[in-house]
Amino acid sequence: MVRLHVKKGNDSLFLHDTTVKQDIPTLTSEILSIYDLRLKVLRLCDEMQSLAKHGHFLPPNMQGLTEEQVEELKLKDEYESICVPQGGSIECPDAIGRRSGKAPKENMAEVIMKTVTDAKEGVSSKLADMNKTLTLKDVQDNLEKLKGAIMIVYPMKLPNYDPVQAEIDNDEDLSGTQAALDVIEKDKASLWWAGKELLPEKTLEDYVGKNEKTKIVIKLTKKGGQAPGREQQMSEEQKRQMMAWQYRKQEEMKKLHEADDGDDYYNSPWADPGALKNQFHGIGNIKWGPK
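Residues numbered from 1 in each chain as written. Predicted model: local features only at pLDDT ≥ 70, side-chain atom pairs only at ≥ 80, totals over all residues. Heavy atoms only, no water.

1. Let's talk about the packing of aromatic side chains
- One pass over the full model with this rule turns up 1 aromatic pair.
- Measuring from ring centre to ring centre gives 5.8 Å for Tyr-79 and Tyr-161, while their planes differ by 90 degrees; the resulting arrangement is edge-to-face. Taken together, the positions of Tyr-79 in the loop between helix H2 (67–73) and strand E3 (89–91) and Tyr-161 in the loop between helix H5 (136–153) and helix H6 (163–168) put the pair 82 residues apart, joining distant regions of the chain. (Phe/Tyr/Trp six-rings, centres within 6.5 Å; stacked < 30°, edge-to-face > 60°. Helix = DSSP H or I, 4+ residues; strand = E, 2+ residues; numbered from the N terminus.)

This is the structure in structure tokens:
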């Protein structure tokens, strides 16, 4: 199997195994499916952390308002009595006013937070550093675990305008957010290798040859965008090691230069003008002094 190290820009994403016979459109679709679903898992993790700390989402017309403003406008959170976490809630106000402040109690919050931690580790880019691949099934499994944790803590479901519930129902609205810029829609993805865009009418074999043991870096981009930068020849760690070696070398040369007074070579045997004469007379290498 050919091992692909998938990156977006300089950011490492995941490892993906494929074959040199794989056509480029299918390969692009496989990588994009993992990429987009992985983003969904990470988005859901972030919102679930907020849910565990501050409870369900407030209605859009109540968000950012103070209690006095809510009373003055006679607004009411209809889900306050419905979205009660399993085991009850505790007061934990949301400083930015997005969530109700009715947070799950510690044991239920721990269920959410532990699942989030496991899911983040399950799709982490650090898996690539450990030479572990990430498959679509791996990402789907982590997504199902997150959904399961929500069902345990909020069996009655959350409001449909809560980002957590929207992600679960595949009804998320990312317009105007940074997350929307990260998502790559189907048929709008492009793969690059060694400064070349992988064309849809070809297979991976046309680029990397027939060796199934190959490992290459693939860059994922949006179609029509600029070509991604090439991979650095040396990693940051290798650069640091080289700079440290050069520094040590300079220090060694500096010490040698300081120790050299410029006349040491006069004491060398090859610098003795009478060395050849002494050798002919058989008096070379004579040392004076007690044994």
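2. Notes on the pairing of strand E7 (residues 215–222)
- Relative to E7, strand E1 (residues 2–8) runs parallel, the two being bridged by 5 bridges. Bridge pairing in E7 links Leu-4 to Ile-216.
- Judged from the 4 bridges that link them, strand E5 (residues 189–193) and E7 form a sheet pairing that is antiparallel. Residue pairing in the sheet places Trp-192 in a bridge with Lys-219 of E7. (Pairing = 2+ DSSP bridges.)

3. Concerning the sheet that holds strand E6 (residues 196–197)
- Across the sheet, 5 strands lie side by side as E2-E1-E7-E5-E6; this open sheet has mixed pairing. For this open sheet the edge positions go to strand E2 (11–18) and E6, each flanked by a neighbour on one side alone.
- Across 2 bridges, E5 lies against E6 in antiparallel orientation. Among the inter-strand pairings, Trp-192 is bridged to a residue of E6, identified as Glu-197.
- Those strands touched by helix H1 (residues 24–54) are E1, E2, E5 and E7, and its axis lies near 135 degrees from that of E2. (Contact = heavy atoms within 4.5 Å. Axes fitted to C-alpha atoms, helices over the stretch in contact; angles between N-to-C directions.)

4. Some points on the side chain of Glu-205
- Tracing the backbone through its elements, the reader meets Glu-205 in helix H8 (residues 205–208).
- Residue class for Glu-205 comes out buried when judged on its relative accessible area of 19%.
- Those residues in contact with Glu-205, other than ones at most four positions away along the chain, are Val-20, Lys-21 and Lys-210. (Buried < 20%, exposed > 50% of the residue type's maximum accessible area, 1.4 Å probe, protein only.)

5. Regarding the pairing of E2
- Bridge count for E1 against E2 is 7 bridges, and the pairing is antiparallel. By the bridge assignment, His-5 is partnered in E2 with Leu-15.
- In this antiparallel pair of consecutive strands, E1 and E2, the connection spans 2 residues, and Gly-9 shows a positive phi of 65 degrees.

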